[in-house]
Amino acid sequence: MEPNVKGESAVRRLACALFLPVTVIACTQPAPLEVKDVWTRDSVGRTANAAVYMTIRSGSADRLVGASTPVAGKTDLMTMEARNGTMAMKYIEGIDIPAGEPVRLNARGLHVWLADLHRPLTAGQSIPLSLEFEKAGERQVTVSVMSPAAAPVASEMAM
């Protein structure tokens, strides 16, 4: 019996056509979301609130839509804005993360606000923080607590 060259060739073409899109999709996956330089200041036992700063970068566009931590009664996303010649905090529903561009949460703008702290934050300690992204889902990060006199982390200074 002679091999069916036309039939085998058609099967090979069909197999390539079916598996090529899977290969292309696997090669075009966006770079992972990265959260770095996550920090807050020591509350020195006198305040029930704290702001958390960080740098977020994602290979594809995403949006930070929430945060939570067991050390605070309430966690919000906020920004600073000028009102009547003074700076004031404003609650926001989300923080856009453009593809490939770092987004810096810092004292002059966007930040995660921790309200009703259950205990003072002390320099040298760290606290857990859960970040919720529209596409990337939940990410757990560790927040370093810094002394009030300490210099900001490198990404904060890169403004």
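In the block above lies the structure referred to throughout.
One structure accompanies this document, and this report is about it.

The rules behind the values
- Position numbers for residues start from 1 in each chain and track the written sequence from start to end.
- Local features in a predicted model are, by the rule used here, given only for residues with pLDDT of at least 70; side-chain atom pairs are given and counted only at 80 or more, and totals for whole chains, interfaces and linings are based on all residues.
- Side-chain calculation: all heavy atoms of the structure are included, whereas hydrogens and water are not.
- A run of DSSP states H or I qualifies as a helix once it reaches four residues; a run of E qualifies as a strand once it reaches two. Both are numbered from the N-terminal end.
- Between two residues, a contact is recorded if the distance between any of their heavy atoms is within 4.5 Å.
- Surface accessibility in these figures is a Shrake-Rupley result with a 1.4 Å probe; residues are shielded only by whichever protein chains are displayed.
- One speaks of a salt bridge when a side-chain nitrogen belonging to Lys or Arg is within 4 Å of a carboxyl oxygen belonging to Asp or Glu.
- Relative accessibility thresholds used throughout: buried, under 20% of the residue-type maximum; exposed, over 50%; partly exposed, between the two (1.4 Å probe, protein chains only).
- Here a Phe, Tyr or Trp ring, Trp counted by its six-membered ring, pairs with any other such ring whose centre lies within 6.5 Å, and the pair is stacked when the planes are under 30 degrees apart, edge-to-face when over 60, and tilted otherwise.
- We define the nonpolar core as a collection of buried residues of types Ala, Val, Leu, Ile, Met, Phe, Trp, Tyr and Cys that are connected through side-chain atoms lying within 4.5 Å of one another.
- Pairing of N or O atoms within 3.5 Å defines a polar contact, subject to two protein rules: one partner must be a possible hydrogen donor and the other a possible acceptor, and residues neighboring in sequence count only if both atoms are side-chain atoms.

Attention shifts here to the overall build of the protein chain. Within the protein chain one finds two helices and 10 strands. Ordering the α and β elements of the protein chain from the N terminus gives α-β-β-β-β-β-β-β-β-β-β-α. Restricting the contact set of the protein chain to residue pairs at least 6 apart, pairs at least 24 apart contribute 68%. For the protein chain, the exposed area adds up to about 9600 Å²; of that, 57% sits on carbon and sulfur atoms.

With that out of the way, let us pick up the pattern of salt bridges. With the rule as written, the count across this model stands at five salt bridges. A salt bridge links R63 to D96, with the nearest nitrogen and oxygen atoms 2.7 Å apart. Of this pair, R63 sits in strand β3 (residues 62-68) while D96 is found in strand β6 (residues 95-97), placing the two residues 33 residues apart along the sequence. Between R63 and E134 there is a salt bridge, and its shortest N-O distance comes to 4.0 Å. With R63 in strand β3 and E134 in the loop between β9 (126-133) and β10 (137-146), this residue pair connects regions lying 71 residues apart in the sequence. Looking at E134, the relative accessible area reads 54%, which means it is exposed. Residues joined in a network through salt bridges with shared partners are R63, D96 and E134.

What follows deals with the environment of G73. In this structure, G73 sits in strand β4 (residues 72-83). Residues G73 and A115, 42 residues apart in the sequence, show an inter-C-alpha distance of 6.1 Å. G73 has contacts with A115, D116 and H118, leaving out every residue within four places of it along the chain.

Where two aromatic rings form a pair, the distance of their centres and the angle of their planes describe that pair. Applying the stated criterion to the full structure yields one aromatic pair. Relative to Y53, the ring of W39 has its centre 4.9 Å away and its plane inclined at 50°; by these criteria the two rings are tilted. With W39 in strand β1 (residues 34-41) and Y53 in strand β2 (residues 50-57), this pair connects stretches of sequence that are 14 residues apart. Across this residue pair, the class does not change: W39 and Y53 are buried.

Let us look at the nonpolar core. Where a protein is soluble and globular, its nonpolar side chains tend to be buried together. V52, M54, I56, V112, L114, L129 and L131 are the most contacted members of the largest nonpolar core, which has 26 residues in total. Apart from residues lying up to four places away in sequence, V112 is in contact with A50, A51, V52, M54, A67, T75, D76, L77, L105 and L129. Ranked by size, the runner-up nonpolar core spans seven residues in total, among them W39, A51, W113 and M146.

A few words now on the side chain of S58. By the element assignment, S58 lies in the loop between β2 and β3. A distance of 2.7 Å separates the side chain of S58 from the backbone oxygen of S60, its partner in a polar contact. Setting aside chain neighbours within four positions, we find S58 in contact with P32, L33, I97, P98, A99 and G100.

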